[in-house]
Protein chains: 2
Amino acid sequence: MAVYTEVPAEALQVFLARYDLGPLVMAKGIAEGVSNSNFLIETGAGRFILTLYERRIEAADIPFFLDLMTHLADAGLPVPRPVPDRRGVLLQTLQGKAAALIQFLPGVSVTEPSPDHARAAGTALARLHQAGASFARKRANALDVAASRRAAAHLGERLDALEPGLAARVATSLAQLGRDWPKGLPVGLIHADLFPDNVLFLGTEVSGLIDFYFAATDLLAYDLAVLAAAWAFTPDGRGYLSDHDAALMAGYESVRPLLPGERAALPLLGRAASLRFLMTRALDWFEGPGDALVNRKNPLAFARRLAHYAAA
Amino acid sequence: MAVYTEVPAEALQVFLARYDLGPLVMAKGIAEGVSNSNFLIETGAGRFILTLYERRIEAADIPFFLDLMTHLADAGLPVPRPVPDRRGVLLQTLQGKAAALIQFLPGVSVTEPSPDHARAAGTALARLHQAGASFARKRANALDVAASRRAAAHLGERLDALEPGLAARVATSLAQLGRDWPKGLPVGLIHADLFPDNVLFLGTEVSGLIDFYFAATDLLAYDLAVLAAAWAFTPDGRGYLSDHDAALMAGYESVRPLLPGERAALPLLGRAASLRFLMTRALDWFEGPGDALVNRKNPLAFARRLAHYAAA
C-alpha cells in the first residue's frame, strides 16, 4: 500500500483539464498497489483511478498494459478501462511520473475467499485467457523461471537465513524446472498475478480484475498455477485448501477445458509459481526499501507452497 | 498519511451489519490523517469515512469529538456527521481499535490556497465558533502554552540542532506568553488545527471542515491565530502572505467581529500558535516513529512563523 508521490489539488486540476470530465469533486490517495501511487478521484463525469507509475514498472511497458486493459474492457471483461484525453492519449505525465487515468470499478477484495469466490476467479481467468487470444501485442514474462534462477543465485545462502536448507530446496526445484519444463502447451496473454487483492467482488460476482502490471505472454496453464498458489492456500502457506483448488479449477474449465498436457504440468507449474513469489518476496525482504509504505510480505509463505507442489 | 490498521473486507462486512446501510460496494484505505486509519467505503446507502483511532487520540476524548461533530452538523455547518448504528451508538470497536463511521463529504483540500480560499476559511471558522457556543461539553486544550513549555524543557538543547539559537528564542517567547497572556477574552469551542488540509473546497466554497481531533475549549481568538499561522504563510514559513491574512480576517469578521482586546492579542496568540506547532513537530522530528507512513514535517517552518510574530 502506498502513495509515493503527492499530487496537490492544483496540479490535479491542471492535469484534468486535458480531459472533458467536469470539475474535480474529490481526490483521495489510496492504499493500493506496491508499484505505483493511486488516487481515487471524482469529477462531474464520475469516478476514476489516477495511477502514477513508480519503481518496478518499465516506462516502455506501460503502453502494453494500457492497450491490454482497453482490449479486455472492449471484450466485455470487468477490467478498468484507461480513459483517453481529448486528443485520444492514454499515457500522460504528472508530477514528473508516467500517469494514466483509469475507469473506477466498484467491488471489494476478499481476504479470506470462499470456494465460491475461488470458482468465480477461475472462471474470470479463463475468460481473460479467451479474450487475450485476440490481443496482438506480446510481452516477455520478466518474472519467469530464468528470473527466479538469477534471483536465487543473487540471494545465495541468504535464503537459508529465512529457513535452514531453503537454498538447497530452491536449487533442486530450479534444476527440475530446467529439466522438465513442459513443451508445446498453449501460450497466450496471462495476468500473472491474480491474487485475491487483484479481484474485486460484489457478493460472489467478480466486478473487477485489476493490476495488470505483470501481464505477459506465457503458458496459460502457468497463470492457472499462479491462481491456485494464490487462492488455494491460507495466506501463510501452511494450509492447502483443496475445496478452493477444486473450485477454481472447475470454474476455469467451465470456460476453457485444460488439455491433458496442461493438467499434467500443473504441479510443476505450481513449483514455478511458488518460486517466482518466493524469490521476489525474498529480494524485497533483504533488499527492499526500508520505508514502511510497502508491507514486506513473508517469503516463507511461498517456501511452504513450493514444498507442497514439490511433494505433489 | 497513513493506514496503520488493515481491515479485511470480511471484518468490515461484519462491522457494517451493525448499521442499516445495505451491501458493501467499495472500501479503500485512504492516505489521510496522522492520528488514525481512514477508509473510504461505499454501501448501498452511500459513501462514508470509517475512522480507526490510533495513537495520539485519548479514547476518553472520542465521545467529545463525535458529539461535537454531530452538534456542528446539526447546526448546518459542513462538518461530517458521525453515523449511529441501529442502537444509536456512535463509538464502535473494530480490529481492536476504537472506531466510528462518519458521513463522507465531497471536496478537495487546496495546497496553495488563494486569498478567496483564505476568506472562506475565515468565514467558516467564525461560523464554527458561533455554532460551538451552544455545545455544552468542555475539553481542556491539551496543546496549550503549558504543553509547549513542557515540550521545550524536554527537548532542551536539541532545538538548537534544528537552528542555532532556537532554544533561547523559544524560551524568550514562552516567558512573554507567561507574562502577557491575555485575560478576559471570549472562550469557546475551537477547532485548533484548521490547516488547509482540514478544509474541503468545491471551487472556493467550503464543502467540509474535518479532523476535529484537537478540538478543545480555549480562546476563540487563539483559533483565529492558528488559522492565520496556517493560511497566511508559504508552507515553509519563509513568506508571509498579507493578502491571505487580510482575507481570512475579513472573512472571520464578516460573521463575528473581533473585540478590541482580541485584535490586540493576535500577534501574541500567533506566537502561541507557532510555538504549539513548532513543539509538536520538533517532538515528532526527534522522537516520532521511524516509519515513513507519517510524513515528518519540518519544525523550522513554524520557527519562522514564530520569528514573524515575535517581530510584530
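Whatever comes next refers back to the structure up there.
For clarity, every value in this text was computed on a predicted model and none was experimentally measured.

A. Spatial organisation of the packing of aromatic side chains. Here the structure, examined in full by the defined rule, presents 22 aromatic pairs over all chains. Arranged with centres 5.2 Å apart and planes meeting at 75°, the rings of B:Y53 and B:Y213 form a pair that is edge-to-face. Here B:Y213 lies in the loop between β8 (205-209) and β9 (216-219) and B:Y53 lies in strand β3 (residues 46-53), a separation of 160 residues in the sequence. Comparing B:Y53 with B:Y213, the two get one shared label, buried. Both rings, one in B:F64 and one in B:F65, keep their centres 5.7 Å apart while their planes meet at 80°; by these two values the pair is edge-to-face. Residue B:F64 shares its accessibility class with B:F65, and that shared class is buried. In textbook terms, an aromatic cluster arises when at least three aromatic residues are bridged by ring pairs, as seen for A:Y53, A:F64, A:F65, A:F135 and A:Y213.

B. Representation of the interface of chain B and chain A. Tallying the contact residues gives 32 residues for chain B and 32 residues for chain A. For the pair chain B and chain A, the two sides together bury roughly 2,500 Å², of which 60% comes from carbon and sulfur. It is B:E10, B:K28 and B:V108 that lose the most area in chain B upon contact with chain A, and together they represent 21% of the buried surface on that side. Counting across the interface, chain B meets chain A through two salt bridges.

C. Looking closely at the environment of A:N36. Residue and element names in this part refer to chain A. The residue N36 is located in strand β2 (residues 36-43) in this model. In the structure, N36 is positioned 37 residues away from A73 in sequence and 21 Å away in space, judged by C-alpha atoms. Only 2.8 Å separates the side chain of N36 from the side chain of N38, close enough to count as a polar contact.

D. Geometry of the relation of the copies chain B and chain A. Superposing chain B onto chain A takes a rotation of 180° plus a shift of 0.1 Å along the axis, which leaves an RMSD of 0.0 Å. In short, the pair behaves as if placed about a two-fold rotation axis. No C-alpha of chain B lies nearer the rotation axis than that of B:I30, which sits 2.2 Å from it. Both copies share a contact surface, since 100% of the interface residues of chain B are interface residues in chain A too.

E. Main features of the pairing of strand β7 (residues 199-202) of chain B. Residues and elements named next belong to chain B. Here four bridges tie β7 to β8, and the two strands are oriented antiparallel to one another. Paired with L202 across the strands is E205, a residue of β8. As consecutive antiparallel partners, β7 and β8 are separated by two residues, and within that stretch G203 has a phi angle of approximately 65°, a positive value.

F. Expanded view of the side chain of B:N38. All names here are of chain B. Take N38: it is sitting in strand β2 (residues 36-43). Residue classification places N38 among the buried residues on the basis of a relative accessible area of 7%. Here the side chain of N38 touches T51 through a polar contact of 2.6 Å, side chain to side chain.

G. Geometry of the pattern of salt bridges. Residues and elements named next belong to chain B. Applying the stated criterion across every chain, the model contains 26 salt bridges over all chains. Here R158 and E287 are joined by a salt bridge, their closest N and O atoms 2.9 Å apart. With a gap of 129 residues between them, R158 in helix α5 (residues 158-162) and E287 in helix α9 (residues 260-287) connect regions that are remote in the sequence. Residue class for R158 comes out partly exposed when judged on its relative accessible area of 31%.

H. Summary view of the packing of helix α3 (residues 115-132) of chain B against helix α8 (residues 242-253) of chain B. Residues and elements named next belong to chain B. Packing of α3 against α8 leaves a shortest axis separation of 7 Å and a crossing angle of 35°. The element α3 and its partner α8 pack so that their crossing is right-handed. Contacts between α3 and α8 involve P115, A118, R119, G122, T123, L125, A126 and H129 from the first element and D243, H244, A247, L248, A250, G251 and Y252 from the second. Among the residues forming the contact of α3 with α8, the class breakdown is eight nonpolar, five polar and two charged.

Rules used in this analysis
- Residues numbered from 1 in each chain as written.
- Chains lettered and ligands numbered in written order.
- Predicted model: local features only at pLDDT ≥ 70, side-chain atom pairs only at ≥ 80, totals over all residues.
- Heavy atoms only, no water.
- Phe/Tyr/Trp six-rings, centres within 6.5 Å; stacked < 30°, edge-to-face > 60°.
- Helix = DSSP H or I, 4+ residues; strand = E, 2+ residues; numbered from the N terminus.
- Buried < 20%, exposed > 50% of the residue type's maximum accessible area, 1.4 Å probe, protein only.
- Contact = heavy atoms within 4.5 Å.
- Buried area = accessible area lost by both parts, 1.4 Å probe.
- Salt bridge = Lys/Arg side-chain N within 4 Å of Asp/Glu carboxyl O.
- Polar contact = N/O pair within 3.5 Å; in protein donor to acceptor, adjacent residues only side chain to side chain.
- Least-squares fit on C-alpha atoms with pLDDT ≥ 70 in both.
- Pairing = 2+ DSSP bridges.
- Axes fitted to C-alpha atoms, helices over the stretch in contact; angles between N-to-C directions.
- Left-handed = near helix turned anticlockwise from the far one by under 90°.
- Nonpolar A, V, L, I, M, F, W, Y, C, P; charged D, E, K, R; others polar.

Function-wise, these values are silent; they only describe arrangement.
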